[in-house]
Number of protein chains: 2
Amino acid sequence: MGYSRQREMLLSVLKDTKSHPTANAIYEEMRKRDPKVSLGTVYRNLALLTESGIILRIDTEHDSVHYDGFTHPHYHFVCNGCGEVSDLSINPIGIEAEVEKETGGSVAGHTLVFYGKCKKCK
Amino acid sequence: MGYSRQREMLLSVLKDTKSHPTANAIYEEMRKRDPKVSLGTVYRNLALLTESGIILRIDTEHDSVHYDGFTHPHYHFVCNGCGEVSDLSINPIGIEAEVEKETGGSVAGHTLVFYGKCKKCK
DNA sequence: GAGATAATCAGTAACGATTACTAAATTTAT
DNA sequence: ATAAATTTAGTAATCGTTACTGATTATCTC
């Protein structure tokens, strides 16, 4: 994976926010800096960066996919009211070995998402 | 939520399999029993049954949403190779209270998905 | 059980997120 | 500086899902 101005810009957008934007939100933010950037470019780079483990994708039971620029292991809380996705600081659980034993396969990672009402929406 | 032949059929399909079919797979299975069943009906009932907590939806990083007829608390393993979703029997984790404390909100549930290669694909 | 009321359906159209494609521009290698 | 490889913008196509409508089926009341 080489360098490109757009890819750098995407990474910078994602590193500069504590929110967990969707592809479209990232696109809008990038367009402020360069109105000529293309939505296809956003999706292509999100896929590339996700595959490389440089960013994280977050699948929720609501709306479309969210992305996270921080890859140190952590979990997420999704509000069923406003849909906001926020980081949690609870410690990572260590049960991948157990899962490997049970499945006979290999585990590369896991995602843990909590659902509920956030402070505001409760 | 009332009774309907199609809704019963959907539930029966979901209870009769240990796989975790997508909406479309469920649709195909239902069509074998009744060729006139509609895809819209499948989606509508999946949404209703999910809201009522009678079935479970599983969001993964691959393809479309999968559904699970068993709602006792359990977790899932998704193969990055073949995409198969399987049940795990590891014990539920008890950290929702901790999440409530951290967020100041209320937690209604959580999903835990492991990714990797299954026995066959490894 | 018959008729009224409400829920649900089949079928199809519309939608929104994502992916695929192509010729032009940019980056990298020589 | 030139050639080769990668990436882009822009747009069209795809796919999962949702919305809509008039017809059907279930439920309720007598």
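Everything below is about the structure printed above this text.
An account of the accompanying structure is given in this report. (Residues numbered from 1 in each chain as written. Chains lettered and ligands numbered in written order. Predicted model: local features only at pLDDT ≥ 70, side-chain atom pairs only at ≥ 80, totals over all residues. Heavy atoms only, no water.)

### Observations regarding the protein's contact with DNA strand C
Basically, it comes down to this: Note on terminology: near, applied to a residue and a molecule or strand, indicates that one of the residue's heavy atoms is within 4 Å of it. Under this definition, polar contacts are N or O atom pairs within 3.5 Å; protein pairs additionally need one hydrogen-donor-capable and one acceptor-capable atom, and for neighbouring residues in sequence, both atoms have to be side-chain atoms. In this text, helices come from DSSP runs of H or I with a minimum length of four residues, and strands from runs of E with a minimum of two, each type numbered from the N-terminal end. In the scheme used here, Gly and all other residues not listed as nonpolar or charged are polar, with Ala, Val, Leu, Ile, Met, Phe, Trp, Tyr, Cys and Pro taken as nonpolar and Asp, Glu, Lys and Arg as charged.
In the vicinity of DNA strand C lie 16 residues, with Tyr43 of chain A together with Ser4, Lys36, Thr41 and Arg44 of chain B positioned nearest. Across the atoms of DNA strand C situated within 4 Å of the protein, the share located in sugar and phosphate is 83%. At 2.9 Å from a phosphate oxygen of DNA strand C is found a side-chain nitrogen or oxygen belonging to Arg7 of chain B. For DNA strand C, a base nitrogen lies 3.1 Å from a polar atom in the side chain of Ser38 of chain B. When contributions to the surface near DNA strand C are tallied by element, the ones reaching two or more residues are helix 3 (39-51) of chain A together with helix 1 (5-15) and helix 3 (39-51) of chain B. Looking at the surface near DNA strand C, the element that brings in the most residues is helix 3 of chain B, giving 3 residues. Looking at the surface near DNA strand C, its residues break down into 6 nonpolar, 7 polar and 3 charged.

### Observations concerning the sheet that holds strand 4 (residues 85-88) of chain B
Here is the rule: When DSSP locates at least two bridges between a pair of strands, those strands are taken to pair. To obtain each axis, a line is fitted to C-alpha atoms, and for helices this fit is confined to the stretch in contact; angles are then taken between N-to-C directions over 0 to 180 degrees.
Strand order in the open sheet made by the 6 strands is 4(A)-3(A)-5(A)-5(B)-3(B)-4(B), with mixed pairing throughout. Each having just a single partner strand, strand 4 (85-88) of chain A together with strand 4 of chain B make up the two edges of the open sheet. Taking the axes of each pair of neighbouring strands and ignoring which way they run, one obtains an average angle of 30° across the sheet. The sheet contact formed by strand 3 (residues 75-79) of chain A and strand 5 (residues 106-117) of chain A spans 4 bridges and is parallel. Bridge pairing in strand 5 of chain A links Val78 of chain A to Tyr115 of chain A.

### A short note on the packing of helix 1 of chain B against helix 3 of chain B
Residues and elements named next belong to chain B. Put simply, the rule reads: Note that the term roughly parallel is reserved for angles under 35 degrees, roughly antiparallel for angles over 145, roughly perpendicular for angles of 65 to 115, and oblique for everything else. Should any heavy atoms of two residues lie within 4.5 Å, those residues are counted as being in contact.
Following both chains from N to C, one finds helix 1 and helix 3 inclined at 70°, their axes separated by 10 Å at the closest point. Here helix 1 is positioned roughly perpendicular relative to helix 3, judged by the angle of their axes. Along its contact with helix 1, which presents Gln6, Arg7, Leu10 and Leu11, the element helix 3 presents Thr41, Val42, Asn45, Leu46, Leu48 and Leu49. Of the residues that constitute the contact of helix 1 with helix 3, the class distribution is 6 nonpolar, 3 polar and 1 charged.

Interpretation in functional terms is not warranted from these geometric data alone.
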